[in-house]
Amino acid sequence: MPYPHTGPTGLGQIAQQATQVLYQHRLVSTRQLHQLITPHHTRAEYLRRQLHTLRETGLAETVGRRVSGQTELLWWLTEKGANAVESVGLLPQRPYRMSPEAALGPLQEHTLATVETGLAFVDWARQLGHECGPLDWSPETAHFYRDDARPGEELSLVPDAVLNYVHTDQKAKQRTLLTFFIEVDRTQMTIARLAQKLHAYAAYHDFTPQQPSGRGAKAGRRTTMPAWRYRYPAFPRLLLVLTGASDSRLARRIADLRSLAASDPALTSTGLRAGVTTLSQLQYRGPFEPIFTPVLGPAQPTEAWLRPISVAA
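Every chain's residues receive numbers from 1 upward, in the order its sequence appears when written. Thresholds applied to this predicted model are a pLDDT of at least 70 for local features of residues and 80 or more for the giving and counting of side-chain atom pairs; totals over whole chains, interfaces and linings are not thresholded and use all residues. By convention in this description, side-chain values take in all heavy atoms of the structure and omit both hydrogens and water.

Even after reading the chapter, I still don't get the overall build of the protein chain, so can you show me in this structure?
Scanning the protein chain for helices and strands turns up 10 helices and 11 strands. As a reference, a globule follows 2.2 Å times the number of residues to the power 0.38, and the radius of gyration itself is taken over C-alpha atoms. Against the compact-globule benchmark of 20 Å for 313 residues, the protein chain has a radius of gyration of 21 Å, which places it among compact chains. With the C-alpha coordinates aligned to their principal axes, the bounding extent of the protein chain is approximately 60 × 55 × 45 Å. Counting only residues that meet the buried cut, the protein chain has 48% of its 313 residues in that class. Two residues qualify as a contact provided that any one of their heavy atoms is within 4.5 Å of a heavy atom in the partner residue. A separation of at least 24 residues holds for 59% of the contacts in the protein chain among residues at least 6 apart in sequence. The positive count covers Lys and Arg only, the negative count covers Asp and Glu only, and His and the chain ends enter neither. By convention, charge coordinates are those of NZ in Lys, CZ in Arg, CG in Asp, or CD in Glu. Positive and negative side-chain charges of the protein chain, numbering 34 and 27 respectively, have mean locations separated by a distance of 4 Å. Starting at the N terminus, helices and strands are each numbered in turn, a helix being any DSSP run of H or I of at least four residues and a strand any DSSP run of E of at least two. The cut-offs for exposure are 20% and 50% of the maximum accessible area for each residue type, with area from a 1.4 Å probe on protein chains only; residues under the lower value are buried, those over the upper are exposed, and the others partly exposed.

Below you can see the structure in the form of C-alpha cells.
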C-alpha cells in the first residue's frame, strides 16, 4: 500500500507546501507565501521559481494586484491543482474553487486581509516560541444553530477563520491549545451589521440542539449540551480585527461597536468572550500584548487570552 505524499507528486517540497497553503487559503500573495513557507530565506527567488513551476504545470494561476504603484502577483490553485491536493487526503476537502473572476472580484481584499491576520499569528508564534503554522487556521467553516429571536430558522455562523494556536509558558512548562474565532472587518460593512455578527456568536454559544420527541424517540435522550461542545473543548475566544481605515476612524468604530453590544440583551447575558483590535496592532505588538479592547464590560485593553476583568465593588 503506497504511503500518501505531502502534496502533488513530482514537485519540490516548497512547491508542495505552496499547493497546500493555496488550497486552504484560496488566494495568497507572493509576499505572504514567502513569509509563511520560506521565512528563513532572505529573498523569495527560490519560492518564485517553485510557484512558476506550479503555473507551468497547470496547477496554479495568478492575477495581478496594484500595490504602491507596483504589480503584486496573487496565487490560486486551478481545478487541476485542487484535485491534486485532494487526492493526497491530508487536508479537509473544500467545495470552493477559485476562478479568475473571483480572484479579481470584490472579496479579493478581504481574503488577503484574512490571510494577513493569520500570518501575524504565525510570525509571533515563531518569535515567542509558540506553535502556529500556515495551515493552523481554516477560513469560512460553517457552524449551524438556532436563535430564539428567529424561531423556525436554520441559521449558519461562518467565521472568517477558526485559528488554532499552541501557547507555551516556558517558566511553568505548560502548553495550552487556544482556539479563536477570527472576524476581519475592513470597514466595508455598517457597524450595525458587525454588531449583528456578535449577536450570532452569542446565539451559537447558547444554542443547545433538541433531540426529537414523540413516538420512536428514546426516553432520557434529551440533550443539555451546547452544540459547540461537539466541536470544541472550550468555546473559542472571538477576536475582531479591524483594518482598512485610519487609526482614529478604527478607534471610533471600536467605541461604536462596544456601545451597540452593551445594548443587546443577548450579549450582556452571554458567556462569550470577545475582543477587538486593529491589524496593525496585531502585526507590530503581537496577540499577547494588551492590544484587545473587550467588546463587553470595562474597556481596559487585554491580550488574546481575554481573561475576565474583575470590577472592584
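Is there a simple way to explain the packing of helix α2 (residues 30-37) against helix α3 (residues 45-56) in this structure?
What describes two packed helices is the angle between their axes and the distance between those same axes. All axes are obtained by fitting lines to C-alpha atoms, using only the stretch in contact for helices, and the reported angles, taken between N-to-C directions, cover 0 to 180 degrees. In contact at an axis separation of 10 Å, α2 and α3 are set at 115° when each is read in the N-to-C sense. Here α2 is positioned roughly perpendicular relative to α3, judged by the angle of their axes. Here the hand of the crossing between α2 and α3 comes out right-handed. Contact with α2, carried on its side by Thr30, Leu33 and His34, involves Leu47, Arg48 and Leu51 of α3 and no other residues of that element. The residue classification treats Ala, Val, Leu, Ile, Met, Phe, Trp, Tyr, Cys and Pro as nonpolar and Asp, Glu, Lys and Arg as charged. All others, Gly included, are polar. Among the residues forming the contact of α2 with α3, the class breakdown is three nonpolar, two polar and one charged. Should an angle fall under 35 degrees it is called roughly parallel, over 145 degrees roughly antiparallel, and 65 to 115 degrees roughly perpendicular, with every other angle called oblique. Two helices crossing with the near one rotated counterclockwise from the far one by less than a right angle form a left-handed crossing, whereas a clockwise rotation gives a right-handed crossing.

Just to check I follow, could you spell out helix α8 (residues 247-262) for this structure?
An α-helix turns once per 3.6 residues; consequently, residues spaced three or four apart project the same way. Multiply 1.5 Å by the residue count of a helix minus one, and that product is the helix's expected span. Here α8 is 16 residues long and its end C-alpha atoms lie 23 Å apart, about the 22 Å a rise of 1.5 Å per residue gives. The elements touched by buried residues of α8 are β8 (174-185), α7 (191-206), β9 (237-242), α9 (265-268), β10 (274-278) and β11 (293-294).

Even after reading the chapter, I still don't get the environment of Leu296, so can you show me in this structure?
Note on placement: Leu296 falls in the segment after β11. With relative accessibility at 26%, the residue Leu296 sits in the partly exposed group. Distance in space between the C-alpha atoms of Leu296 and Gly275 is 8.2 Å, their sequence separation being 21 residues. Those residues in contact with Leu296, other than ones at most four positions away along the chain, are Arg258, Ala261, Leu267, Thr270 and Leu272.

How should the side chain of Gln24 be read in this particular structure?
Tracing the sequence through the fold places Gln24 in helix α1 (residues 13-25). Assessed through its relative accessible area of 4%, Gln24 is described here as buried. Not counting chain neighbours up to four residues away, the residues in contact with Gln24 comprise Leu91, Arg94, Leu135, Trp137, Ser138 and Pro139.

These figures come from the coordinates and say nothing about function on their own.
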